[in-house]
Amino acid sequence: MQSFTTVTGPAIPLMAANVDTDVIIPIQRLVGTGRDGLGPYAFERLRYNKDGSDNPDFIPNREPYRGSPILLAAENFGCGSSREGAVWALMGMGVRCVIAPSFGDIFFANCFQNGLLPVRLPIEEIRRIAEETGASPGNARTTVDLARQVVVTPTGREIPFQVDGRKKEAMLQGLDDIAMTLKQADAIAAWKARDQAARGWAWESVA
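Note that the structure is a prediction, hence the values are computed from the model and not measured.

### A few points about the overall build of the chain
So, point 1. Broken down by element type, the chain carries nine helices and eight strands.
So, point 2. Its C-alpha atoms put the chain at 70 × 40 × 25 Å along the principal axes.
So, point 3. Put simply, the chain has 207 residues, and 43% of those count as buried.
So, point 4. Sequence-distant contacts in the chain: of pairs separated by 6 or more residues, those separated by 24 or more amount to 64%.
So, point 5. Counting every atom, the chain has about 10,600 Å² of accessible surface; 51% of that belongs to carbon and sulfur.
So, point 6. Computed over 22 positive and 24 negative side-chain charges, the inter-centroid distance for the chain is 1 Å.

Okay, here's the thing in structure tokens:
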């Protein structure tokens with residue numbers, strides 16, 4: 001998993017509520033498309049015109065937002081079905097952090113397993129970041145610093161955010177749950193040896 005420390009860029013103001021995973025990546029694109037190929041299909045119905053050209057009304061298509069690593073959204077981002085491909089698609093279009101007041105639970109968990117940081121902030125703060133960015137989009141930059149747990153707005157305001165300590169450490173190191181478990185491989189092996197010696201009968205069916 002790609003580690004996360006800090007990202008900086010013009011925050012994309014996609015200020016819609018209840019953006020579900022089918023909007024993020026249509027289900028048909030998950031068939032026959034590898035995880036690294038989903039980026040071009042992220043927000044496909046909003047992102048492109050019928051002729052396949054970029055829709056200029058879709059804010060992430062506009063400069064300087066194109067390719068920015070930070071996405072601003074409203075309540076319940078990533079709701080709907082549990083497809084992990086929604087996270088892969090966002091990362092494929094360059095997004096590394098989504099800032100929203102709330103997230104779909106499964107989407108929120110999938111983010112941490114793939115290196116995309118979901119940050120919860122009050123909607124008033126998110127709107128203010130969008131306003132600061134819109135005032136001078138060509139120069140405005142927002143920074144998300146996971147180590148310090150702050151969002152630094154274009155005007156220099158620092159907004160703290162909360163994140164589970166274990167998830168934070170995993171993101172900083174670029175480790176998913178399996179990799180975090182494997183860090184304890186020696187302790188697991190030692191426990192297994194002790195338990196086999198003490199309760200050999202319990203391991204007979206495993207051998």
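### Here we look at the environment of Lys192
So, point 1. Within the secondary structure layout, Lys192 lies in helix α8 (residues 185-198).
So, point 2. On the accessibility criterion, Lys192 (38% relative accessible area) is partly exposed.
So, point 3. Sequence spacing of Lys192 and Trp203 is eleven residues, and the spatial spacing of their C-alpha atoms is 9.6 Å.

### Thoughts on the side chain of Thr21
So, point 1. Its location among the elements puts Thr21 in helix α1 (residues 21-24).
So, point 2. The exposure class of Thr21 is buried, given its relative accessible area of 1%.
So, point 3. Once residues lying within four places of it in the same chain are set aside, the contact partners of Thr21 are Gly78, Cys79, Gly80, Ser81, Arg83, Ala86 and Phe107.

### Quick notes on the nonpolar core
What tends to happen in soluble globular proteins is that the nonpolar side chains get buried as a cluster.
So, point 1. Ranked by size, the top nonpolar core spans 48 residues in total, and within it Phe43, Phe77, Leu90, Ile99 and Val144 carry the most contacts.
So, point 2. Where this core is concerned, the elements lending two or more residues are β3 (70-72), α3 (85-92), β4 (97-100), α4 (105-112), β5 (117-120) and α5 (123-135).
So, point 3. With five residues, the single largest contributor to this core is α3.
So, point 4. When near neighbours in sequence (up to four residues on either side) are disregarded, Ile99 contacts Ile70, Leu71, Leu72, Ala73, Val119, Leu121, Ile126, Val144 and Val151.

### Some thoughts on the sheet that holds strand β2 (residues 12-13)
So, point 1. Taken together, four strands build an open sheet; the order of strands is β2-β3-β4-β5 and the sheet is parallel. Pairing within the sheet leaves two strands with one partner each, and these edge strands are β2 and β5.
So, point 2. Looking at chain direction, β2 and β3 are connected through two bridges and run parallel. Note on β3: the bridge partner recorded for Pro13 is Leu72.

### A few points about the packing of aromatic side chains
So, point 1. Tallying each qualifying case throughout the model produces seven aromatic pairs.
So, point 2. Taken together, Phe77, Phe103, Phe107, Phe108 and Phe112 form an aromatic cluster joined through their ring pairs.
So, point 3. The residue whose ring lies beneath Arg120 is Phe108, and the NZ or CZ to ring-centre distance is 4.0 Å.
So, point 4. A cation sits over an aromatic face here: Arg199 above Trp201, 5.5 Å from the ring centre.

### Topic: unusual backbone geometry
A negative phi holds for most residues other than glycine; trans holds for most peptide bonds.
So, point 1. For the peptide bond that leads from Glu63 to Pro64, omega is 5°, which places it in the cis range.
So, point 2. Assignment of secondary structure puts Pro64 in the loop between α2 (44-47) and β3.
So, point 3. Even without being a glycine, Asn76 presents a positive backbone phi close to 65°.
So, point 4. A relative accessible area of 26% means that Asn76 is categorised as partly exposed.

Parameters at a glance
Residue positions are given per chain, counted from 1 along the sequence in the order it is written. Given that this is a predicted model, residues contribute local features only at a pLDDT of at least 70 and side-chain atom pairs are listed and counted only at 80 or more, while totals for whole chains, interfaces and linings are drawn from all residues. Calculation of side-chain values draws on the structure's entire complement of heavy atoms; hydrogens and water are dropped beforehand. Starting at the N terminus, helices and strands are each numbered in turn, a helix being any DSSP run of H or I of at least four residues and a strand any DSSP run of E of at least two. Using a 1.4 Å probe on the protein chains alone, a residue whose accessible area is under 20% of its type maximum counts as buried, one over 50% counts as exposed, and one in between counts as partly exposed. Should any heavy atoms of two residues lie within 4.5 Å, those residues are considered in contact. To measure how exposed things are, a 1.4 Å probe is used in the Shrake-Rupley method; for residues, cover is taken only from the protein chains shown. By the counting rule applied here, Lys and Arg register as positive and Asp and Glu as negative, while His and the ends of each chain are not counted. Lysine's charge is taken at NZ, arginine's at CZ, aspartate's at CG and glutamate's at CD. Residue types Ala, Val, Leu, Ile, Met, Phe, Trp, Tyr and Cys, when buried and joined through side-chain atoms within 4.5 Å, form a set referred to as a nonpolar core. A pair of strands is treated as paired once DSSP finds two or more bridges between them. Aromatic pairs are defined between Phe, Tyr and Trp rings, using the six-membered ring for Trp, whenever the two ring centres lie within 6.5 Å; interplanar angles under 30 degrees are classed as stacked, those over 60 as edge-to-face, and all others as tilted. Geometrically, a charge over a ring is one whose NZ (Lys) or CZ (Arg) sits within 6 Å of the ring centre while staying within 35 degrees of the ring normal.

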